[in-house]
Amino acid sequence: MNIKPILFFVLSLGVQIGLSQGQKTYQVRTVAFYNLENLFDTENDSLTLDDDRTPAGKDQWTVNRYEKKIAHMARVLAEIGRNISTTSPDIVGLCEVENRQVIEDLLQHPYLRDNDYSVIHYDSPDERGIDVALIYKKSAFIPNSFKSHRLLLFNDEGLRDYTRDQLVVGGHLDNEEVHFLVNHWPSRSGGEARSRPNRIAAAKLNKRIIDSITAFDADAKIISMGDFNDDPINDSFKKILRTSDGSKAAVGTVGLFNPMERLFKKGVGSLAYRDKWNLFDQIYCTMNFISEDKKKYSFWKAGVYSPEYLIDPSGKYKGYPLRTYAAGSYIGGYSDHFPVYLYLIRKVKS
């Protein structure tokens, strides 16, 4: 399922590559997103529905299991994009984290400790207490603005349906201004059709955020990532966000480019359910990341990170992501989602 690198060799540690066509030298940055599948601590929070993820809860969530989960998540994050950049990603969006402390524990693991990551996180009103967050390497990205945008949903009885916020972080990736959005849209609980209006509402909020940024700067560079609980061809993307697959006709226009759409049409997925692959985990961006002129950061390629150790080797879920729990039983895997990534490149001045 991985996209294999072609026509390159590494010139220097982590940040530069040379394409064999013309031997041009580029700086590369990796942007990734990972649904960590219920990264909860072991403490019972009386304000959220986290009882299952406690030592006395249904999942028997002990310190040992928590520490193993941290180690697993840290390993994956340390390895995304490493085959090209030789280092961990520069920017990572996260979802299904319970609080800031679990992220700090993750970043202090030996796999990640020396990468100089920092974190931006807000507590959201989600009923289970799960949030989104952004981690970034301080050597690569300097944030100068961040805000959490609330998604207001109501059920059939008119009562508030509490869900995750959408996180927006602006700053400078090296010396270029870039805005990052991190999402975890409402699930398909109750069925895709019945739950669709909630994701349409999430898409509209995402579009309002993007529109508000471009209203101040028409040339703003924006990357939105997350677990959208929708595929690239669903209405939330094609009718609300109006994303494009990056065909030549779309290049140079105002809009949003979703590289995951072509992957999805080739059968690539980030999670599986009832023997069907979905690509709910996506990263898309403004069209100004598609450019023949690589003097500024441009999109190079995207993919789903699915090494063999992240894949269930046997049984009912053979070939699926190797998750922490399956059919109610603890199996000590990783996550029910594969992470996704994209590479940004720009020419290095000679």
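Reading the values: the criteria
- Counting starts from 1 at the beginning of each chain's written sequence and moves along it residue by residue.
- Local features are withheld for residues below a pLDDT of 70 in this predicted model, meaning they are given only at 70 or higher, and side-chain atom pairs are given and counted only at 80 or more; totals for whole chains, interfaces and linings count all residues.
- In computing side-chain properties, one takes all heavy atoms of the structure into account and sets aside hydrogens as well as water.
- To qualify as a helix, a DSSP run of H or I must reach at least 4 residues; to qualify as a strand, a run of E must reach at least 2; elements of each kind are numbered from the N terminus.
- In this analysis, two residues are considered to be in contact whenever any of their non-hydrogen atoms come within 4.5 Å of each other.
- Whenever a carboxyl oxygen of Asp or Glu lies within 4 Å of a side-chain nitrogen of Lys or Arg, that contact is scored as a salt bridge.
- Buried residues are those whose accessible area, probed at 1.4 Å on protein chains only, stays under 20% of the maximum for their type, while exposed residues exceed 50% and partly exposed ones sit between those limits.
- The axes used here are C-alpha line fits, helices contributing only the stretch in contact, and every angle between their N-to-C directions lies in the interval 0 to 180 degrees.
- Left-handed is the label given to a crossing in which the near helix is rotated counterclockwise from the far helix by less than a right angle, and right-handed is the label when the rotation is clockwise.
- Note on residue categories: nonpolar means Ala, Val, Leu, Ile, Met, Phe, Trp, Tyr, Cys or Pro, charged means Asp, Glu, Lys or Arg, and polar means any other residue, Gly included.

1. Focus: the environment of Gly57
Working step 1: With respect to the helices and strands, Gly57 occurs in the loop between strand 3 (24-39) and helix 1 (63-79).
Working step 2: Residues Gly57 and Tyr317 lie 260 residues apart in sequence; the distance between their C-alpha atoms is 25 Å.
Working step 3: In contact with Gly57, other than residues within four places in its own chain, are Asp51 and Asp52.

2. Some details on the pattern of salt bridges
Note that side chains of opposite charge can pair when their charged atoms are close.
Working step 1: Counting across every chain of the model gives 24 salt bridges.
Working step 2: For Lys207, the salt bridge is made with Asp211, and the minimal N-O distance between the two is 3.0 Å. Of this pair, Lys207 and Asp211 both sit in helix 4 (residues 192-216), separated by four residues, roughly a single helical turn.
Working step 3: Looking at Asp211, the relative accessible area reads 37%, which means it is partly exposed.

3. A closer look at the packing of helix 1 against helix 3 (residues 100-107)
Working step 1: Packing of helix 1 against helix 3 leaves a shortest axis separation of 9 Å and a crossing angle of 65 degrees. Along this stretch, helix 1 crosses helix 3, giving a crossing that reads as right-handed. Note on element contacts: helix 3 touches helix 1 through Val102, Asp105 and Leu106, opposite Tyr66, Ile70, Met73, Ala74 and Leu77.
Working step 2: Residue composition of the contact of helix 1 with helix 3, by class: seven nonpolar, no polar and one charged.

Read these as layout, nothing more, since geometry by itself doesn't imply function.
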